[in-house]
Amino acid sequence: MHAHPPEHRIDEDTRSAVLAELAALLPASALLVDFEDLKPYECDGLTAYRQLPMAVALPADEAQAVAVLRACHRHGVPVVARGAGTGLSGGATPVNDGVVLSLARFMRILEVDPLARTARVQPGVRNTAISEAAAPFGLYYAPDPSSQIACTIGGNVAENSGGVHCLKYGLTVHNILKLRVALIDGEIVEIGGDALDGPGYDLLAVMVGSEGMLGVVLEATVKLTPKPQVAQVVMASFDDVIKAGNAVADIIAAGIIPAGLEMMDKPATAAVEDFVHAGYDLSAEAILLAESDGTPEEVAEEIAAMRAVLEKAGARELRVSQNEAERLKFWAGRKAAFPAVGRITPDYLCMDGTIPRKHLAHVLTEIARLAQRYGLRCANVFHAGDGNLHPLIMFDASVPDELERATELGSRILELSVDVGGTITGEHGVGIEKVQQMCVQFSREELEAFHALKEAFDPKRLLNPGKAVPTPRRCSEYRLTGSAK
């Protein structure tokens, strides 16, 4: 396999000393060390790779979290911060002789300011909970990853999460104003500010998407967006995946920026329809969901413009949501794609490359060819508007070599994304899953610059080690053999 859980060895004296210090800092219920208690923390949403940590710390407040970091820093023990564990790239996979720092108890919404249109929240607050708290003021939090009912804002910051409405409203990085962060030595820093911009380097953009390798988020100030008066979705059916892919580029080329623009191929819609009953056209080779929101006049005009583009692009059927319930039903299908596919296969890998929109049709064709070559099924769902691909590679880990083939297929898809001018991730992060493909995406000099940035924040390399940025030696091995150990 191309990915391996990170390893770090400490001696028995260090292990005993750090566990004793943590036991003195935390209540017994907030320090997990027994096998059965550690087992739920052995992986995140990427279940193909599992490893038990030495301990799990569950601090109740900032002081306890900082004390845990200081103790681990003193003893040279790695720390992996963890939110809800819904990540899909192995970013929260434990280090074997390390501590998992769970922020699950940091669940308070500290302030909602409707005049400034901001909310100040702790990292364990669920994505959806922010919108629920802001709803009485006619506001909501725009980033909406499919896991939003469970995923937390701290994890969203770590991975720079997006969602089906990121085309118009942006990713997490576009919706964060300020972060309160603990460094590995326990120092607290505030990054960003209440204004739209601040002096100095843009460290906020460095921290968002840094996958827990630079600091631990203790608090976030997020932007809130006014709820649109009206929203409608056009569902377009196509008898050809290439036509659907070209239609995406045509919509953007026409100067239309939909609130959401999503694509699903036939295997994906079949899985979803049986699960959610969203009313999808099961005979179509691909469907597009294109949403418009704003005032009634804006929506009517944009829906008409999108219909015209879609008809010209070869859509064989168009349906427009007639009420809010139907709109939510259309989106419920797309957001349930991952669990829906989980019902029809023992295991799957969810990939996450991003490509220029103009190459969407070519990449879809090539993914189908690669899946056939590796003898595996693949369902495709996309944030088509910004070119973020989510091929779902289905396999059975109990069958010899199927996980190996699925991993290899995923690697080829990511490298295909790079070949056409794209990137190996759009929102799921690199974690351990894509660390080898960083060797394809970036040069040795670029990777060394990433390591220098890491060292500036974490000189001892204790925060989430072994993730996201490979060593030059590891890349040399990968480039020579195609698989790094």
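Per chain, the residues get numbers from 1 upward, laid out in the order the sequence is written. Totals for whole chains, interfaces and linings use all residues, but because this is a predicted model, local features are given only for residues with pLDDT of at least 70 and pairs of side-chain atoms are given and counted only at 80 or more. Water and hydrogen atoms were dropped before computing side-chain values, which therefore reflect all heavy atoms in the structure.

What is the right way to look at unusual backbone geometry in this model?
Note: most residues except glycine have negative phi, and most peptide bonds are trans. Phi is positive for N160, close to 55°, though the residue is something other than glycine. Positionally, N160 belongs in the loop between helix 5 (153-159) and helix 6 (166-169). Positive phi, close to 75°, is recorded for D401, a residue that is not glycine. Relative to the helices and strands, D401 resides in the loop between strand 18 (388-395) and helix 14 (402-419). Runs of H or I in DSSP of at least four residues are treated as helices and runs of E of at least two as strands, each being numbered from the N terminus.

Looking at this model, I keep getting lost on the packing of aromatic side chains. Mind explaining?
Aromatic ring pairs are reported here in terms of the distance separating the ring centres and the angle at which the planes meet. Side-chain rings of Phe, Tyr and Trp (the six-membered ring for Trp) are treated as a pair once their centres are within 6.5 Å; stacked means planes under 30 degrees apart, edge-to-face means over 60, and tilted covers the remaining angles. Taken as a whole and assessed by the stated rule, the structure comprises two aromatic pairs. Judged by centre distance (6.4 Å) and plane angle (80°), the ring pair of Y140 and Y169 falls under edge-to-face. Of this pair, Y140 sits in strand 7 (residues 139-140) while Y169 sits in helix 6, placing them 29 residues apart in sequence. Of the two residues, Y140 and Y169, both sit in the buried class. Ring geometry for F442 and F450: centres 5.0 Å apart, planes at 85°, overall edge-to-face. Using a 1.4 Å probe on the protein chains alone, a residue whose accessible area is under 20% of its type maximum counts as buried, one over 50% counts as exposed, and one in between counts as partly exposed.

Just to check I follow, could you spell out the nonpolar core for this structure?
Nonpolar side chains in soluble globular proteins tend to end up buried together. Counting 63 residues, the largest nonpolar core has F238, M263, L288, L310, L360, I393 and L409 as its most contacted members. Two residues qualify as a contact provided that any one of their heavy atoms is within 4.5 Å of a heavy atom in the partner residue. With sequence-adjacent residues up to four places away left out, L409 is seen in contact with L370, A371, Y374, L376 and I393. By convention a nonpolar core is built from buried Ala, Val, Leu, Ile, Met, Phe, Trp, Tyr and Cys residues, the set being connected through side-chain atoms within 4.5 Å. Listed in part, the 33 residues of the second largest apolar core include V18, L31, L69 and L462.

How should I be thinking about the pairing of strand 14 (residues 286-294) in this particular structure?
A regular strand places its side chains so that they alternate between the two faces of the sheet. Within strand 14, nine of the nine residues are buried, which leaves it mostly tucked inside the rest of the structure. Burial along strand 14 is two-sided: A286, L288, A290, S292 and G294 and I287, L289, E291 and D293, pointing in opposite directions, are all buried. Taken together, the nine bridges between strand 12 (residues 230-238) and strand 14 define a ladder with antiparallel strand orientation. Across the sheet, residue A236 finds its bridge partner in strand 14, namely L288. By the convention used here, strands pair only if DSSP detects at least 2 bridges between them.

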